[in-house]
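Per-entry structural report
Single-letter residue listing:
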Amino acid sequence: HRLTTQSEMRTVWLLLAVAVATTAAASVRDKRQADFDGDEFETRADRLSAQILSMEDELESKVGNTDDDLRRLQSLEHRLDKFAGGTCPVGEFQCGGLSIQCVDDLEVCDGIEDCDNGADEYTTTCTNPAGAGSRWTGAPIYDECTNFRPTEVTLVINSNTRLDWFPVRVQVKATLMERAVGKDSNIIVSLPTVGNYNYANRLMLLDPPEKDRLGMVVDFDTGNDETAYLYIAKEAQGTRCALFVLYRE
Ligand SMILES: [Ca+2]
């Protein structure tokens, strides 16, 4: 009988502990949610956004500003825009500046100014950061899906082709080299792939090079021309399941 009582007591204690832990977790979650949804956060994002916009306008009006500075500001603005939920629908390009104007992705870098400020045809917008011959190397931040689990990857851009009748995309041929450190050896695999670069969102999409149907999304909108984020994505659902931060070699 004593044993039963002890085990009953243990059950009660366990239940109590679970209840306390659940309540604590819920209150932490609620607090985080409240912090995130707060008006303060929104006001801060708005203020930041306004600051960036006026900086960009000021920079544009100054003679002798460098393309690098302008691109960094544009990228910052785009990232903040994405973070704050985006002011343009998916598939559209934000012209930037003080007036919020959106143009279709397919009008970016087609040789005709569609933004009032001409941002869709700026040299900074229409320069492909991943030129032919460029090499990008990096390590995983997380990897929940590759079979190989590489410790390092290198993306080599073999060629870029811009077709006259479809100048808004760059046709890309690339090779992904994956390295994994084994017990006694260094294993390297080399995977050729093809894809395209989109000037409007600064994303390069690469076809799955293997049977596992894992494609790649390379995000060059990092605010820094020397860095890119390589996401591995399941082709069918588009779910991103691995991230490598790449640096230009
Ligand atoms: Ca255009």
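For the structure given in this document, a descriptive report is provided here. Source: prediction; values computed, not measured.

**Examining unusual backbone geometry**
Working note: non-glycine residues mostly have negative phi, and peptide bonds are mostly trans. At Cys109, a position not held by glycine, the phi torsion is positive, near 70°. By secondary structure assignment, the location of Cys109 is in the loop between β2 (102-104) and β3 (135-143). Cys109 sits in the buried class, given a relative accessible area of 2%. Here the phi dihedral of Arg149 falls at roughly 45°; this positive angle occurs in a residue that is not glycine. Within the secondary structure, Arg149 is located in the loop between β3 and β4 (152-163).

**Describing the coordination of the calcium ion**
The protein atoms donating to the calcium ion are Glu107 (O), Asp110 (OD), Ile112 (O), Asp114 (OD), Asp120 (OD) and Glu121 (OE), with metal-donor distances spanning 2.1 to 2.3 Å. Each of the six donor atoms around the calcium ion contributes to a set of angles spanning 78 to 172°, which defines the coordination as octahedral. Binding-site remark: the calcium ion is held by donors from one chain whose sequence spacing is E-x2-D-x1-I-x1-D-x5-D-E. Taking relative accessible area as the criterion, Asp114 reaches 23% and is therefore assigned partly exposed.

**Observations regarding the pairing of β3**
With four bridges connecting them, β3 and β4 associate as antiparallel partners. The partner of Thr137 across the bridge, within β4, is Thr154. In this structure, β3 lies alongside strand β10 (residues 240-248), joined through seven bridges in antiparallel fashion. Following the sheet pairing, Asp143 is matched in β10 by Ala242.

**What to know about the packing of aromatic side chains**
One pass over the full model with this rule turns up four aromatic pairs. Grouping aromatic residues by their ring pairs yields a cluster made of Trp136, Tyr197, Tyr199 and Phe220. Above the plane of the ring of Tyr231 lies Arg240, whose end atom (NZ or CZ) is 4.3 Å from the centre.

**Section: the side chain of Asp105**
Inspection of the secondary structure puts Asp105 in the loop between β2 and β3. No salt bridge is formed by the buried Asp105, whose closest oppositely charged neighbour, Arg169, lies at an N-O distance of 4.9 Å. Among residues more than four places away in sequence, those in contact with Asp105 are Gly91, Glu92, Phe93, Asn198, Ala200 and Asn201.

**Quick look at the nonpolar core**
Counting residues in hydrophobic clusters, the biggest one holds 35 residues, and the most contacted among them are Leu155 and Met204. Those elements giving two or more residues to this core turn out to be β4, β5 (166-181), β7 (203-206), β8 (214-219), β9 (227-234) and β10. Domain assignment of the residues forming this core places at least three in each of domain 1 (39-121) and domain 2 (135-248). Non-local contacts of Met204, meaning those with residues more than four positions away in its chain, are made with Ala130, Ile157, Val172, Asn196, Tyr197, Met216, Val217, Val218 and Phe220. Core analysis: the next-biggest nonpolar cluster, separate from the first, contains five residues, Leu203, Val217, Tyr231 and Leu243 among them.

**Concerning the state of the cysteines**
Taken as a whole and judged by the stated rule, the model has four disulfides. Here Cys88 pairs with Cys102 through a disulfide, and the sulfurs are 2.1 Å apart. Disulfide Cys88-Cys102: the torsion about the S-S bond is -90°, which places it as left-handed. On the criterion of sequence distance, the pair formed by Cys88 in the loop between α3 (67-83) and β1 (92-94) and Cys102 in strand β2 is long-range, its members being 14 residues apart. Taking relative accessible area as the criterion, Cys102 reaches 28% and is therefore assigned partly exposed. Two residues, Cys145 and Cys241, share a disulfide whose sulfurs are 2.0 Å apart. Judged by the torsion about the S-S bond (80°), the Cys145/Cys241 disulfide is right-handed.

**As for empty space enclosed by the protein**
What the rule picks out here adds up to two cavities of 30 Å³ or more. Within this model, the second largest cavity holds a volume of roughly 100 Å³. As for the second largest cavity, its lining consists of Thr146, Asn147, Phe148, Leu176, Glu178, Leu191, Pro209, Glu210, Asp212, Leu214, Met216 and Ile232. Of all the secondary-structure elements, those providing two or more residues to the lining of the second largest cavity are β5 and β8. Of the residues belonging to the lining of the second largest cavity, the class tally is seven nonpolar, two polar and three charged.

**Observations concerning the environment of Thr151**
Tracing the chain through its elements places Thr151 in the loop between β3 and β4. Taking C-alpha positions, Thr151 is 8.6 Å from Gly138, a pair spaced 13 residues apart along the chain. Apart from residues no more than four positions distant in its own chain, Thr151 is found in contact with Ala139, Pro140, Arg179, Ala180 and Val181.

Rules used in this analysis
Chains are numbered independently. Their residues run from 1 in the order of the written sequence. Reporting in this predicted model follows two pLDDT cut-offs: at least 70 for local features of residues, and 80 or more for side-chain atom pairs to be given and counted; totals over whole chains, interfaces and linings ignore these cut-offs and use all residues. Neither water nor hydrogens contribute to the side-chain values; these are computed over all heavy atoms in the structure. Here a strand is any run of E in DSSP of at least two residues, a helix any run of H or I of at least four, and the numbering for each starts at the N terminus. Burial classes follow relative accessibility: with a 1.4 Å probe on protein chains only, a residue under 20% of its type's maximum area counts as buried, one over 50% as exposed, and anything between as partly exposed. Counted as donors are the N, O and S atoms within 2.8 Å of the metal, or 3.2 Å for Na, K and Ca, while water is not among the atoms, so some sites may look incomplete. For four-coordinate sites, all angles between 85 and 135 degrees define a tetrahedron; for four- and six-coordinate sites, opposite donors beyond 155 degrees with the remaining angles between 65 and 115 define square planar and octahedral shapes respectively, and all other cases count as irregular. In this analysis, strands are considered paired if DSSP registers two or more bridges between them. Two rings belonging to Phe, Tyr or Trp (six-membered ring only in the last case) form a pair when the distance between their centres is within 6.5 Å. Interplanar angles under 30 degrees mark stacking, angles over 60 mark edge-to-face geometry, and anything in between is tilted. Criterion for a charge above a ring: Arg CZ or Lys NZ at most 6 Å from the ring centre, at most 35 degrees from the ring normal. Charged residues are defined here as Lys and Arg on the positive side and Asp and Glu on the negative side; His and the ends of the chain fall outside this count. The salt bridge definition used is simple: a Lys or Arg side-chain nitrogen within 4 Å of an Asp or Glu carboxyl oxygen. The criterion used for residue contact is that any of the two residues' heavy atoms lie within 4.5 Å. Nonpolar core, defined: a set of buried Ala, Val, Leu, Ile, Met, Phe, Trp, Tyr and Cys residues in which side-chain atoms within 4.5 Å join the residues together. For the domain bounds, the source is a domain assignment made automatically or taken from a database. The disulfide definition used here is simple: a pair of cysteine sulfur atoms within 2.5 Å. Put plainly, a pocket is an open set of points on a 1 Å grid over the protein atoms alone with protein on both sides within 12 Å along at least five of seven lines, a cavity is a set where a 1.4 Å probe fits but cannot get out, and a lining residue has an atom within 4 Å of a point. Grid points are joined across faces, edges and corners, and a volume is the space filled by probe spheres set on the points. Ten residues, namely Ala, Val, Leu, Ile, Met, Phe, Trp, Tyr, Cys and Pro, are considered nonpolar, four, namely Asp, Glu, Lys and Arg, are considered charged, and the remaining ones, Gly among them, are considered polar.

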